[in-house]
Amino acid sequence: MIPTELKTKLQSRVSAAITNREAAVDVMKALQAHYGWLTDEAVVEAAELLGLSPLQVEELATFYEMIYRRPVGRSVIHVCDSISCWAMGGESLLSHLSGLLGIKPGETTTDGTFTLLPCCCLGNCGEAPAVMIGDTICGRVTVENAAGLIERERNR
Ligand code: FES
């Protein structure tokens, strides 16, 4: 159950939206930040806040790849696998990160710190290959600087 303060904040967000669905991503992201991922309980709470059915929230949640319907690590590392990043070595980078973290794409490190996920275009194509670590988008990531980026996030 979410705290009253967060509930009030999200009710205001929904009230300010032209349609309730417009606020859906903000509501889901806020609940995800609160729980760590979008739990079943959070889906029901989002549905109540948005005036939608849990199934409608579920449909929205599964459409957005940055909404997580299962537990993730403290930081999610998204590695872009769209065309520009792929052409600039994104596939090798994903493989390298997988080796550095000791997990396969889709998995979470045993200490719960990182989850590694391939993703669609991060909108940073001009600086391919791009990676998003937590909320930070990093461009021109190489096998040489990847470890430093991970350590910086680990110590954040
Ligand atoms: S293709 Fe990777 S950021 Fe756009």
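Placed above this text is the structure.
All values derive from a computational prediction rather than experimental measurement.

Chemist: Summarise the sheet that holds strand β3 (residues 131-133); cite the residues concerned and give the values.
Modeler: Spatially, the four strands line up as an open sheet ordered β2-β1-β3-β4, and their pairing is mixed. Either end of the sheet is taken by a strand with one partner, and the two such strands are β2 (114-119) and β4 (136-138). On average, each strand axis in the sheet is tilted by 20° relative to the strand beside it, whichever way the strands run. As defined by bridge partners, β3 adjoins β4 across three bridges and the pair is classed as antiparallel. Following the sheet pairing, Met 132 is matched in β4 by Ile 137. Packing of helix α6 (residues 90-101) onto the sheet brings it into contact with β1 (75-80), β2 and β3, and relative to β2 it is tilted by some 165°. Strand contacts of helix α7 (residues 143-154): β1, β2, β3 and β4, with the helix running at about 130° to β2, the strand carrying the most contacts.

Conventions used here
- Residues numbered from 1 in each chain as written.
- Predicted model: local features only at pLDDT ≥ 70, side-chain atom pairs only at ≥ 80, totals over all residues.
- Heavy atoms only, no water.
- Pairing = 2+ DSSP bridges.
- Helix = DSSP H or I, 4+ residues; strand = E, 2+ residues; numbered from the N terminus.
- Axes fitted to C-alpha atoms, helices over the stretch in contact; angles between N-to-C directions.
- Contact = heavy atoms within 4.5 Å.

Keep in mind these numbers describe shape, not what the thing actually does.
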